[in-house]
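Summary of the model geometry
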Amino acid sequence: GAVVSQHPSWVICKSGTSVKIECRSLDFQATTMFWYRQFPKQSLMLMATSNEGSKATYEQGVEKDKFLINHASLTLSTLTVTSAHPEDSSFYICSASGSVGNEQFFGPGTRLTVL
Amino acid sequence: EDQVTQSPEALRLQEGESSSLNCSYTVSGLRGLFWYRQDPGKGPEFLFTLYSAGEEKEKERLKATLTKKESFLHITAPKPEDSATYLCASTQGGSEKLVFGKGTKLTVNP
């Protein structure tokens, strides 16, 4: 159990375009979803926390107008990188948390490359 | 500031050579101490949650323990497929946010 999927697994886009990444909890209802970014050889850095039906809470230094998060249901959250630039190239990972034990279960990640 | 520090940064073992990874934390009001395994290019895979000092959990060749200041991940008779980066994280107070350490990259040679 506790499976989280992400789509797409990788994406290459041109500078200035927007990219949407989906995160789904497949076999449980996620009260909270989290979005992380991971640069090569570094640990995960939390970008934002979202609860279903409410606005996301962004970490300090993360531009909320650039990284749009929508948590429309208990099984789906989306991250849209608007007007992407090469410095946004990274590995984006989502996680989902149900109610028991507060463990976070992670998706497989999305590799974004902005040319 | 709440911190999670892992050591060593990297560890090379021969197959069958048991060892331990360390995770020390300075977190006020620890709510949970988590261990994850991450393979290259993939998201972290949940291993264990520990909630109180003295608690231990086991899964195959892995055993996680917790004291008031640190956690250990013991690996008994490791195999090459145990090679991965092992991440430690904590939550504190009323927050669900995970604070991650930088990880220990484990390589097990056949």
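An account of the accompanying structure is given in this report. (Residues numbered from 1 in each chain as written. Chains lettered and ligands numbered in written order. Predicted model: local features only at pLDDT ≥ 70, side-chain atom pairs only at ≥ 80, totals over all residues. Heavy atoms only, no water.)

Turning to the state of the cysteines, a few remarks are in order. Tallying each qualifying case throughout the model produces 2 disulfides over all chains. Left without a disulfide partner, A:Cys13 is nearest to the cysteine sulfur of A:Cys94, which lies 18 Å away. (Disulfide = S-S within 2.5 Å.)

On to the side chain of A:Thr32. Relative to the helices and strands, A:Thr32 is located in strand 4 (residues 32-38). A polar contact is formed between the side chain of A:Thr32 and the side chain of A:Asn51, at a distance of 2.8 Å. (Helix = DSSP H or I, 4+ residues; strand = E, 2+ residues; numbered from the N terminus. Polar contact = N/O pair within 3.5 Å; in protein donor to acceptor, adjacent residues only side chain to side chain.)

Right, let's get into the sheet that holds strand 3 (residues 19-25) of chain A. Residues and elements named next belong to chain A. Taken in spatial order, the 4 strands of this open sheet run 1-3-8-7, and their pairing is antiparallel. The sheet terminates laterally at strand 1 (4-7) and strand 7 (67-73), the two strands that pair on one side only. Adjacent strand axes in the sheet meet at a mean angle of 15 degrees, parallel and antiparallel pairs treated alike. (Pairing = 2+ DSSP bridges. Axes fitted to C-alpha atoms, helices over the stretch in contact; angles between N-to-C directions.)

The next subject is the packing of aromatic side chains. Applying the stated rule across the entire model yields 9 aromatic pairs over all chains. Summarising the aromatic geometry, the rings of A:Phe28 and A:Phe105 are spaced 6.0 Å apart at their centres and angled 70 degrees between planes, so their arrangement reads as edge-to-face. With A:Phe28 in the loop between strand 3 and strand 4 and A:Phe105 in strand 10 (residues 104-106), this pair connects stretches of sequence that are 77 residues apart. With a centroid separation of 6.0 Å and 45 degrees between ring planes, the pair formed by B:Tyr36 and B:Phe100 is classed as tilted. (Phe/Tyr/Trp six-rings, centres within 6.5 Å; stacked < 30°, edge-to-face > 60°.)

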